[in-house]
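Residues per chain are reported as follows:
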Amino acid sequence: MPVVREFRLPDLGEGLTGAEVVRWLVEVGEVIAVDQPVVEVETAKAVVEVPCPYGGVVTARYGEEGEEIAVGAPLVTVAVAPADGASLLVEAAAGMLAEAAAEVERPLVGYGVAEPGKGGRRRRVGGAVPAVVPVAVPVVVAAPALVVRTVPGVVPVISPLVRRLAREQGVDLAALSGSGPDGLIMRADVERAVAVKAAAPTAPTAPAPVAREGVVPLRGLRKAVAEKLSRSHREIPAVTCWVDTDATELMLLRRQLNAAPGPKVSVLALLARICTVALARFPELNSSMTEDGSGIIRHSAVHLGFAAQGERGLVVPVVRDAHARTTEQLGEELGRLTEAARDGSLTPAELTGGTFTLNNYGVFGVDGSTPILNHPEAAMLGVGRIVAKPWVHEGELAVREVVQLSFTFDHRVCDGGTAGGFLRFVADCVERPGTLLRQL
């Protein structure tokens, strides 16, 4: 007989207590491989596929799409064959499923008797009853027993991102021939299939229905963001100060750097480098309050968060150990995380643990902002658009590239003198990038 293994929802990231089921990737009765993704869930940080460490036949799923599952609660159960009994796995699992189906009609200890006409299934996740009983398994009409649906095997795909792309574009992976080693399906294979699909003639579509007034429920990331911002606004006495800055010399430096061989340097990478130097000079701003507000936690490392627009809205990826990276290394990591934010592949670990945030809202074409702090961080530098403006330079009126810098800080961790000193130092580095050389 196979052994039934229970796979519980693992801890998907720092401080997360649960996740919402977005989509099941397997059916009850399906044969799965070790580490095959079985469900797609949405946490407060990201949408991720959860792989199961067991291979065998799925005998039960817990939770329906839209339901929230607590960390540590059951996700699926899998019938795993012993080493000497693999050939009997499907047959034995079918018997288990039949027993599970019959069990629904019987009272369950601790849960009472199901009301007539309402079935025996409970919706609450985390209990002893699976949220989906084996009714989804196809039934052979000629016989009363349930028959497990088997599959020829897992489609050879090299990356979860490839599966996500295929799913979003409506590409059937089973119909593709992989160009990678041993027939692995690569991203390029999916993109070619998408291009072929796009080139095919399509029928005219009906006009979109007119949007109606209604209530949009807060769920997933939007709910987590709302709760976090509300907490920040409620608990942190935040203050914002700002200064207009001549960024002409910084932009000239960037053009000079990018004229040389090597990776291109972004404005964001230069500003990130300035922030790490400024935080070394004003370390009290790289901190956060304790949970009960009785003390200040000073962070020795700078884990730099930055605002990025993703497919699920605005997210804040984190560059780990930003203080230990060169400008080029900062640029490479910022670029990688920005791309991951756009395609929705950021992991919860890449979205947590920040100690300071750089918010470049200038990409939206605005000059200034008074952002809410990214709780529990104590400070955030905001950067507006860089635009040509009349400016007094060396006693004469000239057209210069000007940017507004804003600095929001938790007044509990420092006073205005420290915050003003930080912002002035950053502005000086923007106006005279050579100032950085004194700090390196």
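See the structure shown above.
Worth saying up front: this structure is predicted, and the values here are computed from it rather than measured.

K.L.:
Help me understand the environment of Gly29 in this model?
P.N.:
Tracing the sequence through the fold places Gly29 in the loop between β2 (18-24) and β3 (31-32). With a relative accessible area of 0%, Gly29 lands in the buried category.

K.L.:
Would you explain the side chain of Asp410 in this entry?
P.N.:
Considering the arrangement of structural elements, one finds Asp410 in strand β19 (residues 396-410). In this structure the side chain of Asp410 is engaged in a polar contact, spanning 2.8 Å, whose partner is the side chain of Arg412.

K.L.:
Quick question: what am I supposed to make of unusual backbone geometry here?
P.N.:
For residues that are not glycine, phi is negative in most cases, and the peptide bond is trans in most cases. In this chain, His375 is followed by Pro376 through a cis amide linkage whose omega measures 10 degrees. In this structure, Asp35 takes a positive phi of about 65 degrees despite not being glycine. Relative to the assigned elements, Asp35 resides in the loop between β3 and β4 (36-42). Notably, Asp321 is not glycine yet its phi reads approximately 50 degrees, a positive angle.

K.L.:
What's the story with the nonpolar core in this structure? I'm lost.
P.N.:
Within soluble globular proteins, side chains that are nonpolar tend to cluster in buried spots. The biggest cluster of nonpolar side chains holds 76 residues, and the ones touching the most others in it are Phe356, Leu358, Leu381, Leu405, Phe407, Phe422 and Val430. The element best represented in this core is helix α6 (residues 267-281), accounting for 11 residues. If we skip the residues at most four places from it in the chain, Leu381 touches Cys275, Phe356, Thr357, Leu358, Asn359, Ser406, Phe407, Leu423 and Val426. Counting residues in hydrophobic clusters, the runner-up holds 8 residues, among them Val162, Ala166, Val171 and Ile185.

K.L.:
Mind showing me how you'd approach helix α7 (residues 327-343) here?
P.N.:
Structural remark: α-helix, 3.6 residues per turn; residues separated by three or four positions point the same way. The end-to-end C-alpha distance of α7, which contains 17 residues, comes to 25 Å, matching closely the 24 Å that a straight helix rising 1.5 Å per residue would cover. Here α7 has its buried residues at Leu330, Glu333, Leu334, Leu337, Ala340 and Ala341. Mapping the buried residues of α7 onto a view down its axis gives an arc of 130 degrees, with all of them on the same face. In this structure, the buried side of α7 is in contact with α6, β12 (304-306), β13 (308-310), β14 (313-315) and β15 (318-319). A positive phi of about 75 degrees marks Gly344, the residue just after α7.

K.L.:
Looking at this model, I keep getting lost on the sheet that holds strand β1 (residues 3-8). Mind explaining?
P.N.:
Across a sheet, strands are paired by hydrogen bonds formed along the backbone, either parallel or antiparallel in direction. Within the open sheet, the 4 strands sit side by side as β1-β8-β6-β3. Their pairing is antiparallel. One side of each edge strand has no neighbouring strand; the edge strands of this open sheet are β1 and β3. Here 2 bridges tie β3 to strand β6 (residues 56-61), and the two strands are oriented antiparallel to one another. Of the residues in β6, the one forming a bridge with Val31 is Val57.

K.L.:
Just checking my understanding: could you explain the pattern of salt bridges for this structure?
P.N.:
Opposite charge on two side chains lets them pair, provided their charged atoms get close. Under the definition given, this model contains 17 salt bridges. Its salt-bridge partner being Glu350, residue Arg336 comes within 3.1 Å of it at the nearest N-O pair. Highlighted residues: Arg336 in helix α7 and Glu350 in the loop between α7 and β16 (356-360), separated in sequence by 14 residues.

K.L.:
Just to check I follow, could you spell out the sheet that holds strand β7 (residues 68-70) for this structure?
P.N.:
Spatial ordering of the open sheet is given by β5-β4-β2-β7, a layout of 4 strands whose pairing is antiparallel. Strand pairing shows two members of the sheet lacking a second neighbour, β5 (47-52) and β7, which therefore form its edges. Looking at each pair of strands side by side, their axes are set apart by 45 degrees on average, direction ignored. One ladder, built from 4 bridges, connects β2 with β4; its direction is antiparallel. Considered in β4, the bridge of Glu20 is made with Glu42.

Rules behind the numbers
Residues numbered from 1 in each chain as written. Predicted model: local features only at pLDDT ≥ 70, side-chain atom pairs only at ≥ 80, totals over all residues. Heavy atoms only, no water. Helix = DSSP H or I, 4+ residues; strand = E, 2+ residues; numbered from the N terminus. Buried < 20%, exposed > 50% of the residue type's maximum accessible area, 1.4 Å probe, protein only. Polar contact = N/O pair within 3.5 Å; in protein donor to acceptor, adjacent residues only side chain to side chain. Core = buried A, V, L, I, M, F, W, Y, C linked by side-chain atoms within 4.5 Å. Contact = heavy atoms within 4.5 Å. Expected span 1.5 Å × (residues − 1). Arc of directions from axis to C-beta. Pairing = 2+ DSSP bridges. Salt bridge = Lys/Arg side-chain N within 4 Å of Asp/Glu carboxyl O. Axes fitted to C-alpha atoms, helices over the stretch in contact; angles between N-to-C directions.

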